[in-house]
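Observations on the three-dimensional arrangement
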Amino acid sequence: SRITQAQKGKFFSPYAFYGYIKDSVDKHRLLIDEDAAQIVRMMYELSDQGLSTTEIARKLNSDNIPTPQLHKKTQGVKRRWHMNGDRNFWTGSRVRGILGDERYTGKMISCKQRRYEVGKVQSELLSQKDWIVVPEAFPPIVSTEQFERVQVRLRRDVGRNNSTVRSESLFYRKIKCGCCKQAMRRGNTSGKNPFY
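Computed from a prediction, not measured in an experiment: that's the story for all the values here. Residue numbering note: each chain is counted from 1, following its sequence as written. In keeping with the model being predicted, local features are shown solely for residues with a pLDDT of at least 70 and side-chain atom pairs are shown and tallied solely at 80 or more, while totals for entire chains, interfaces and linings include all residues. Note that the side-chain values use all heavy atoms of the structure and ignore hydrogens as well as water.

Once that is clear, we can look at the confidence of the model for the protein. Every residue is assigned a pLDDT by the predictor, reflecting its confidence on a scale from 0 to 100. Taken residue by residue, the protein gives an average pLDDT of 80. The fraction at 70 or more is 71%. Counted against residues more than four places away or in other chains, residues 162–168, with its pLDDT under 50, gives four contacts. Here, residues are in contact when the closest pair of their heavy atoms is within 4.5 Å.

If you want it as structure tokens, here you go:
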């Protein structure tokens, strides 16, 4: 069964996640995609150096680093990614998703959701204790130690961001970027000159 295969560390998603490619011989086995893995390592290093997720996203954009969607597109993946034409942008939340993904330590994490009914799209997120986690299922891109250090920083950043009251701005999630259409976040909320 699929659960039995997941317990053996087999990968079942149709696409490998950013930083990895599927083995051409065994589609259930992941190999490191060195071009993307180099970017993932850089993101962890920048976080270790104290940069926030937004600052990392800004650096990636200024360095013209392709986003995961654009990277997949250059590899010939035909999936229709949600993009603004041929352009796409790194965001703080996209960076946070990569920095918070424990699979980069080589752990296979599967069966996080369960469908309500066979054939239905709706699903529920299972409790973390019910996930199938297989250590050393594929080569790691970052060490467990570095991953843990970055998690401490991410938790600290979340605490700092949650300390600002969202209702303080009438325009919360209403002002969108003219290029990527993402909601913009208000900065410098305590000062006289806020910005987005």
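That shown, we press on.
This paragraph deals with the pattern of salt bridges. What counts as a salt bridge is simple: a side-chain nitrogen of Lys or Arg found within 4 Å of a carboxyl oxygen of Asp or Glu. For the coordinates displayed, the defined rule picks out seven salt bridges. Among the salt bridges present, the one from Arg29 reaches Asp23, with a minimum N-O distance of 2.5 Å. Judged by relative accessible area, which is 43%, Arg29 ranks as partly exposed. For Asp23, a relative accessible area of 12% gives the class buried. Of the charged contacts, one joins Arg41 and Glu34 as a salt bridge, the two residues approaching to 2.7 Å between their closest N and O atoms. Burial classes: relative accessible area under 20% of the type maximum marks a residue as buried, over 50% as exposed, and values in between as partly exposed (1.4 Å probe, protein chains only). Its relative accessible area of 43% is what places Glu34 among the partly exposed residues.

At Asn64, a residue that is not glycine, the phi angle is positive and equals roughly 55°. Where helices and strands are cited, they refer to DSSP runs of H or I of at least four residues and of E of at least two residues respectively, numbered from the N terminus. Take Asn64: it is sitting in the loop between helix H3 (53–62) and helix H4 (68–74). Given the relative accessible area of 66%, Asn64 is considered exposed. At Glu136, a position not held by glycine, the phi torsion is positive, near 55°. Secondary-structure assignment places Glu136 in the loop between strand E6 (132–134) and helix H6 (144–162).

So, about the packing of helix H2 (residues 34–48) against H3. The contact between H2 and H3 brings their axes to 10 Å, and the two run at 135°. In terms of orientation, H2 and H3 fall into the oblique class. Crossing handedness for the pair H2 and H3: right-handed. Where H2 abuts H3, its residues Ile39, Met42, Met43, Leu46 and Ser47 lie against Ile56, Lys59 and Leu60. A fitted line through C-alpha atoms represents every axis, and for helices the fit uses only the stretch in contact; the resulting angles, taken between N-to-C directions, go from 0 to 180 degrees. Convention used here: angles under 35 degrees read as roughly parallel, angles over 145 as roughly antiparallel, angles from 65 to 115 as roughly perpendicular, and any remaining angle as oblique. When the near helix sits turned anticlockwise from the far one by under a right angle, the crossing is termed left-handed; a clockwise turn instead gives a right-handed crossing.

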